[in-house]
Protein chains: 2
Amino acid sequence: MKVAVLGATGLVGRQMLAVLERRGFPADQLVPLASSRSAGRRLPFRGQEIPVREVCEEAFEGVDLALFSAGSGPSRRWAPEAARRGAVVVDNSSAWRMDPEVPLVVPEVNGEDARKHRGIIANPNCATIQALVALAPLHREAGLEYLSAATYQSVSGTGSVAVAELEEGARAVLEGREGTPSVYPHPIAFNLLPHIGAFDDQGVSEEEWKMVRESRKILHLPDLAVSSTTVRVPVFRGHGEALVAQFREDLSPERAREILADAPGVQLADDPARGVYPLPREAEGTDPVYVGRIRRDTGLPRALALWVVSDNLLKGAALNAVQIAETLFPA
Amino acid sequence: MKVAVLGATGLVGRQMLAVLERRGFPADQLVPLASSRSAGRRLPFRGQEIPVREVCEEAFEGVDLALFSAGSGPSRRWAPEAARRGAVVVDNSSAWRMDPEVPLVVPEVNGEDARKHRGIIANPNCATIQALVALAPLHREAGLEYLSAATYQSVSGTGSVAVAELEEGARAVLEGREGTPSVYPHPIAFNLLPHIGAFDDQGVSEEEWKMVRESRKILHLPDLAVSSTTVRVPVFRGHGEALVAQFREDLSPERAREILADAPGVQLADDPARGVYPLPREAEGTDPVYVGRIRRDTGLPRALALWVVSDNLLKGAALNAVQIAETLFPA
């Protein structure tokens with residue numbers, strides 16, 4: 001099988017290569033693609049160093065699977081080309097997610113939707129994926145009616161330049177220097193930026209709309225009520241989410257824990273009295289969506305509060321994309 | 001007027017001295033008090049260096065006003081002694097907050113409650129204060145029915161040892177060393193701890209209950225529905241809060257901005273398209289409660305979403321305590 005990875009030199013692209021290798025995905029031939037700026041670099045894959053090619057139409061010739069993580073512009077440009085040549089594109093950008101012809105898939109939640117593709121499958125937003133891996137099994141039991149999400153999102157979601165900016169910004173503060181942000185509009189080190197993506201004229205951010213609209217599409221609940229505030233925090237890797245989920249039927253925390261203990265992709269971390277709850281620094285580099293702090297919500301009837309953490313580069317991006325591919329190309 | 005400050009050498013105690021001085025509070029005589037460990041140190045006040053005395057019953061003789069910030073144990077021990085000697089105690093600990101005989105006061109919200117004191121007035125929890133300074137004016141207009149709060153709380157709320165732990169923990173990560181936390185159960189640098197105060201047997205933390213119960217008491221809304229998740233974040237100073245507030249009457253974001261533009265203690269910072277929203281690093285060392293990201297909530301009817309930031313050592317602690325004293329002892 002011939003697998004292309006567009007955006008292969010980026011933070012998520014490199015994770016895609018690592019995940020393909022680690023999971024033994026049947027990629028006999030790997031074609032790392034990037035813009036001209038990164039072409040010629042070599043990336044490690046199964047003990048070899050594979051040269052990165054500049055993306056062009058011909059690069060998709062004979063490709064069975066193309067994993068894209070190069071942003072919306074390149075996705076709009078190249079995904080139809082790759083699909084026209086017979087590849088299945090799993091796209092990590094937001095370009096195609098709300099297209100009614102494009103399935104938006106979290107394998108543990110709506111894996112069957114992947115089969116309806118017409119050449120392009122969209123990988124959801126990182127913050128949405130981890131919330132839904134935790135909530136879908138509870139929804140199946142009790143019927144989700146309302147979701148409130150406040151997110152605590154790490155800088156790696158923005159890319160490697162943002163990781164460097166947090167590192168340098170933190171050094172600056174510790175050394176008593178003024179840092180000068182360039183990736184973010186304000187310093188991110190030891191700070192909180194309630195700003196992920198552009199704002200619409202009502203003051204809602206793109207990331208907040210993604211939580212609302214992508215949750216509805218993935219869960220097949222077009223009228224689901226979703227409140228969302230998305231915030232960038234000074235963490236390198238791993239997103240946290242404070243969720244309140246209200247259900248049609250009463251669902252006890254004990255029953256929720258039972259369900260989640262067996263749920264695919266979920267790792268329960270819920271013994272707060274012993275200091276056990278999901279933590280970004282423990283989630284970093286691992287696959288699960290960690291769920292803890294499960295309790296009856298103090299404010300709403302038939303509602304649970306939860307704290308959910310996952311590695312935004314893995315389940316939030318590269319891992320979920322490869323898992324989508326696995327549903328179509330089983331080993 | 002004779003003013004005692006118990007816990008004078010702590011982070012909040014030192015801010016209390018600074019706020020008393022800066023606001024010209026009529027403290028002719030200042031008595032800084034602390035445990036035996038800190039007695040003998042000297043603290044600057046109005047150009048003098050005043051020696052810290054060890055707290056004892058006699059230390060409150062002749063004291064008119066006693067500001068306490070030494071934790072719940074010392075508050076329980078010394079507040080009744082000070083009150084019995086005729087002092088009015090404004091206590092920053094949680095010891096007396098839910099006592100029905102003790103007013104719990106945010107001057108902008110329920111300043112008139114301070115007059116009902118019997119010697120002790122409680123200063124609310126930092127996260128509660130800033131939420132209510134923002135919400136009370138909207139409540140007066142439209143009737144608050146439900147509040148959902150996710151907090152992003154800085155380490156200075158824990159004290160100076162926690163500030164040092166974040167600083168050292170961040171250095172450790174940047175230098176590739178393992179940090180060893182002692183104040184918090186897990187590393188706080190570049191991490192998120194959904195753990196503030198002890199957990200009850202339902203898994204709700206003390207800080208979360210404070211948000212619920214203190215909000216109800218201060219607003220005189222004993223049945224107010226409140227959802228709360230409180231999280232410690234790697235920020236030195238200034239708490240952030242993602243709030244969703246649902247009202248009895250419809251309240252537009254435009255009208256909310258009008259109200260908040262004139263509200264006491266509030267500074268609007270709400271032009272997200274130009275990158276203007278509340279930020280902890282800009283709030284640090286300043287008095288206002290900053291309110292921004294005001295928008296119609298995408299999930300609930302008659303609800304607004306807001307992002308609120310304030311300096312937890314000032315409005316969240318020392319400033320609010322001194323403002324309570326000012327309502328009783330006007331200059």
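Conventions we followed
- Here the residue index of a chain counts from 1 through its sequence in written order.
- Whichever chain is written first is A, and whichever ligand is written first is 1; the rest continue in order.
- Predicted model: local features are reported for residues with pLDDT of at least 70 only, side-chain atom pairs are reported and counted for 80 or more only, and whole-chain, interface and lining totals are derived from all residues.
- Just so you know, side-chain values use all the structure's heavy atoms and leave hydrogens and water out.
- UniProt positions are given in the numbering used here, feature names are shortened, and annotations may be inferred rather than shown by experiment.
- Each residue is assigned to one of three classes by its accessible area relative to the maximum for its type, calculated with a 1.4 Å probe on protein chains only: buried under 20%, partly exposed between the two thresholds, exposed over 50%.
- Note on conventions: DSSP H or I runs of at least 4 residues are helices, E runs of at least 2 residues are strands, and numbering of each starts at the N terminus.
- Only protein atoms enter the 1 Å grid used here. Points where a 1.4 Å probe fits but cannot escape make up a cavity, open sets with protein on both sides within 12 Å along at least five of seven lines make up a pocket, and a residue lines them when an atom lies within 4 Å of a point.
- Grid points are joined across faces, edges and corners, and a volume is the space filled by probe spheres set on the points.
- Three classes are used: nonpolar for Ala, Val, Leu, Ile, Met, Phe, Trp, Tyr, Cys and Pro, charged for Asp, Glu, Lys and Arg, and polar for all others, with Gly counted as polar.
- A residue counts toward the fit only if its pLDDT is at least 70 in both copies, and the copies are then superposed by least squares on the C-alpha atoms of those residues.
- Residues count as neighbours in contact if any of their non-hydrogen atoms are within 4.5 Å of one another.
- Two strands pair under a simple rule: DSSP has to find at least two bridges between them.
- Either an automatic procedure or a domain database provided the assignment from which the domain bounds are taken.
- Distance and chemistry together define a polar contact, namely a pair of N or O atoms within 3.5 Å, with one atom able to donate a hydrogen and the other to accept it when in protein, and with adjacent residues in sequence counting only for side-chain atoms on both sides.
- Only centres within 6.5 Å qualify two rings of Phe, Tyr or Trp (six-membered ring in Trp) as a pair; their planes then separate them into stacked at under 30 degrees, edge-to-face at over 60, and tilted for everything else.
- Charges are assigned to positions over rings by a cutoff of 6 Å between ring centre and Lys NZ or Arg CZ, combined with an angular limit of 35 degrees from the ring normal.
- In this description, buried area is defined as the sum, over both parts, of the accessible area (probe of 1.4 Å) that is lost when the two are combined.
- When a carboxyl oxygen of Asp or Glu is within 4 Å of a side-chain nitrogen of Lys or Arg, the pair counts as a salt bridge.
- Fitted lines through C-alpha atoms give the axes, limited to the stretch in contact for helices. The angle between two N-to-C directions lies from 0 to 180 degrees.
- By the definition adopted for this analysis, an angle is roughly parallel if under 35 degrees, roughly antiparallel if over 145, roughly perpendicular if from 65 to 115, and oblique otherwise.
- Two helices that cross are described as forming a left-handed crossing if the nearer one is turned anticlockwise from the farther one by less than a right angle, and a right-handed crossing if clockwise.

- An unreviewed UniProt entry annotates chain A as Aspartate-semialdehyde dehydrogenase of Aminomonas paucivorans DSM 12260.
- You can read under Sequence similarities (unreviewed entry) in the UniProt record for chain A the words "Belongs to the aspartate-semialdehyde dehydrogenase family."
- In UniProt, chain A has this text filed under Subunit (unreviewed entry): "Homodimer."

## Description of unusual backbone geometry
All names here are of chain A.
- A positive phi angle, close to 55 degrees, is found at phenylalanine 190, a residue other than glycine.
- Exposure remark for phenylalanine 190: the relative accessible area of 5% places this residue in the buried category.
- The backbone phi angle of arginine 302 is positive, close to 55 degrees, even though this residue is not glycine.
- Following the sequence through the fold, arginine 302 ends up in the loop between β13 (289–296) and β14 (303–310).
- Arginine 302 sits in the partly exposed class, given a relative accessible area of 33%.

## Quick word on empty space enclosed by the protein
- Applying the stated criterion to the full structure yields one cavity of 30 Å³ or more.
- Empty space within the largest cavity amounts to approximately 140 Å³.
- Elements with a minimum of two residues in the lining of the largest cavity: β9 (144–153), β10 (225–232) and β11 (239–247) of chain A together with β9 (144–153), β10 (225–232) and β11 (239–247) of chain B.
- Residue composition of the lining of the largest cavity, grouped by class: nine nonpolar, eight polar and no charged.

## A closer look at the relation of the copies chain A and chain B
- It takes a turn of 180 degrees to lay chain A on chain B, together with a shift of 0.0 Å along the axis; the resulting RMSD is 0.0 Å. Here the symmetry operator amounts to a two-fold rotation axis.
- The residues that chain A uses at the interface reappear at the interface of chain B in 98% of cases, marking a shared surface.

## Focus: the sheet that holds strand β8 (residues 120–122) of chain A
All names here are of chain A.
- Across the sheet, which stays open at both edges, the six strands sit in the order β5-β2-β1-β6-β7-β8 with parallel pairing between neighbours. Only two strands of the sheet have a single partner each, and these edge strands are β5 (53–54) and β8.
- Looking at chain direction, strand β1 (residues 2–6) and strand β6 (residues 65–68) are connected through four bridges and run parallel. Note on β6: the bridge partner recorded for valine 3 is leucine 65.

## Focus: the layout of surface pockets
All names here are of chain A.
- One number sums up the size of the second largest pocket: a volume of about 1100 Å³.
- Taken together, 46 residues make up the lining of the second largest pocket; nearest its centre are Ser69, Gly71, Gly157, Thr158 and Gly159.
- Here the residues of the lining of the second largest pocket are counted per class, giving 16 nonpolar, 23 polar and seven charged.
- Residues from two domains meet in the lining of the second largest pocket; each of domain 1 (2–123 + 317–328) and domain 2 (128–312) gives at least three.

## Re the UniProt feature "binding site: phosphate" (unreviewed entry) in chain A
All names here are of chain A.
- UniProt records the feature "binding site: phosphate" (unreviewed entry) for Arg97 in the present numbering.
- Its location among the elements puts arginine 97 in the loop between β7 (88–91) and α3 (107–110).
- In this structure arginine 97 comes out as buried when scored by relative accessible area, which is 5%.
- With near-sequence residues (within four places) excluded, arginine 97 lies in contact with Asn92, Val102, Leu104, Ala122, Asn123, Pro124, Asn125, Lys210, Glu214 and Lys217.
- At a separation of 3.2 Å, a polar atom in the side chain of arginine 97 contacts the main-chain carbonyl oxygen of serine 93.

## Notes on the packing of aromatic side chains
- A complete count under the given rule lists 11 aromatic pairs over all chains for this structure.
- Seen in terms of ring centroids, Phe60(A) and Phe68(A) are 5.8 Å apart; in terms of plane orientation they differ by 35 degrees. Their pairing is tilted. An identical accessibility class is assigned to Phe60(A) and Phe68(A); each is buried.
- A network of ring pairs unites the aromatic residues Tyr152(A), Trp307(A), Tyr152(B) and Trp307(B) as a single cluster.
- Over the face of the ring belonging to Trp78(A) we find Arg77(A), whose NZ or CZ atom lies 4.0 Å from the ring centre.

## Topic: the interface of chain A and chain B
- At the junction of the two partners, chain A supplies 60 residues and chain B supplies 59 residues.
- For the chain A and chain B pair, buried surface summed over both sides reaches about 5000 Å², with 62% attributable to carbon and sulfur atoms.
- The salt bridge involving Arg295(B) is made with Glu208(A); its shortest N-O contact spans 3.6 Å.
- Inspection of the chain A/chain B interface yields 26 residue pairs in polar contact (both at pLDDT 80 or more).
- Residue assignment for the side of chain A that touches chain B shows that the elements contributing at least two residues are β9, α5 (160–174), α6 (206–219), β10, β11, α8 (280–283) and β13 of chain A.

## What to know about the packing of helix α4 (residues 126–142) of chain B against helix α7 (residues 253–261) of chain B
All names here are of chain B.
- Running from N to C, α4 and α7 point in directions that differ by 120 degrees, and their axes come no closer than 10 Å. With respect to each other, α4 and α7 are oriented oblique. Both α4 and α7 take part in a crossing whose hand is right-handed. In contact with Ala134, Pro137, Leu138 and Glu141 of α4, α7 contributes Arg255, Ala256, Ile259 and Leu260.
- Within the contact of α4 with α7, the residues separate by chemical class into six nonpolar, no polar and two charged.

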